[in-house]
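Working through the structure, step by step
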Amino acid sequence: MKVTSQALALLSAILLNTSSAFTTSVHHSRAISTSSSSLSVANDLFVEMTTETGAAAAAGTANTHSSVTTYYGETLKESADLQTNACCTAARPAPQIAKAISNIHPDVIKKYYGCGFCVPDEVEGMTILDLGCGAGRDVYIASQLVGENGRVIGVDMTAEQLKVAKETQAYHADKFGYDNVEFHEGLIEKLDDIPSLKDGSVDIIISNCVINLCPDKEAVLKSCHRLLKPGGELYFSDVYASRRVPQELREDEVLWGECLSGALYWNDFQNLSKQCGFKDPRLVEDAPITIENKKVQEKIEEMGHKNLEFYSATYRLFQLDCLEPHCEDYGQAVIYKGTIPRFESGWSLDDHHFMEKGKVFPVCGNTYNMLKETRFEKHFDFVGDWSTHYGIFDGCGTSMPFKSSIDGVSTKGGGGGGGCC
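Residues numbered from 1 in each chain as written. Predicted model: local features only at pLDDT ≥ 70, side-chain atom pairs only at ≥ 80, totals over all residues. Heavy atoms only, no water.

**Remarks on the packing of aromatic side chains**
Within the structure shown, the criterion is met by 15 aromatic pairs. Relative to Tyr178, the ring of Phe176 has its centre 6.2 Å away and its plane inclined at 45°; by these criteria the two rings are tilted. The class for Tyr178 is buried, based on a relative accessible area of 16%. Ring geometry for Tyr265 and Trp266: centres 5.8 Å apart, planes at 65°, overall edge-to-face. We note that Tyr265, like Trp266, is buried. Linked through ring pairs, Tyr330, Tyr336, Trp347, Tyr368, Phe376, Phe380, Phe382 and Trp386 together constitute an aromatic cluster. Above the plane of the ring of Tyr112 lies Arg137, whose end atom (NZ or CZ) is 3.6 Å from the centre. (Phe/Tyr/Trp six-rings, centres within 6.5 Å; stacked < 30°, edge-to-face > 60°. Buried < 20%, exposed > 50% of the residue type's maximum accessible area, 1.4 Å probe, protein only. Lys NZ or Arg CZ within 6 Å of the ring centre and 35° of its normal.)

What follows is the structure, given as structure tokens:
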């Protein structure tokens, strides 16, 4: 990896004079008092906002935003300047995605800092919101997939990145034959500040290795739930940790900018998602992250955190009030018709639901609803009803979900779910 002098300078600069915007996890027996925070949850749920009140809390959050904006707007000039592979995608893109990428301006491609491809299947004519769109690579991919009758909205807080996205908008309109995109500068924690974003107006929300950079993840998830239409989904790639990231790492500007220090412990993410209304988060694919920079790796080990592991993972979160907290068995099944384009033989909802065409596939009540109450309904026949409950669905567990944590092998690039590039 190429390392810039600015990045190395930042690596040695810990936030010595800044009150942290974060606090450590909280246990069952400990009371929580976070009047200035938007998140106040017991039962081992990771608290990401500071317990300091008033100006100190606001200053901490502002410093985090400033650090991220500087890192992505000034320190990083192109993808090659990244110091780890957390914001890199190794999987080869699917043919239709590769074709879409080939139509995108080189200046946009050069400014790409993502960890997965985040547009799911069956999106033609949809309205898509891209959180942390950067220079617009995924916006312009999605623009081609939703077509002339669809719409793509990009939001980012980095003016330098958005400048590239907007300056190449006319180029892409000429290339695609239509202009169906718009860009807004703003914080994804404060989507209320963008007047054109109305409640229940978006079909799909995507994000590519950005939510981990936000100090208030709860605000992001709650806004997503509010903006999505019923049956819509948040489909995004991000970085997760095998355990809660220690305070000293969360205070490091470079590790935060590299999408590591802001990573949520995977189980805290699942709990937070459920609290924000996404009752059954589904893992689509994952891959281990290797820190391919000796100085960064040594820094983490010197702090005593050698066994802290990071994963790049894609999740899909459906906006469905009918979902239950766990996978319950009602004796239901679905039969895939083979009608989703490019997936005529079979299609994957997530990493453990691959449905072959024409085969009866037993499902829990939540999976049944994820297919029945969404844009995927027309592609399935449905068997059974809700008259009899048979208990918990077999195999519904709570262990770490990332298959790559077992053998170190990526699950990215499989059939369905959009694929990675």
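**Description of the side chain of Ser143**
Within the fold, Ser143 resides in helix H5 (residues 137-146). Not counting chain neighbours up to four residues away, the residues in contact with Ser143 comprise Val152, Phe176, Tyr178, Asn180 and Val181. (Helix = DSSP H or I, 4+ residues; strand = E, 2+ residues; numbered from the N terminus. Contact = heavy atoms within 4.5 Å.)

**Points about unusual backbone geometry**
Of note, the phi angle at Glu122 is positive, near 60°, even though the residue is not glycine. Mapped onto the elements of the fold, Glu122 is located in the loop between helix H4 (106-110) and strand E1 (127-131). Although it is not a glycine, Arg342 sits at a positive phi angle of roughly 80°. As for its position among the elements, Arg342 is in the loop between strand E9 (332-336) and strand E10 (346-350). With a relative accessible area of 44%, Arg342 lands in the partly exposed category.

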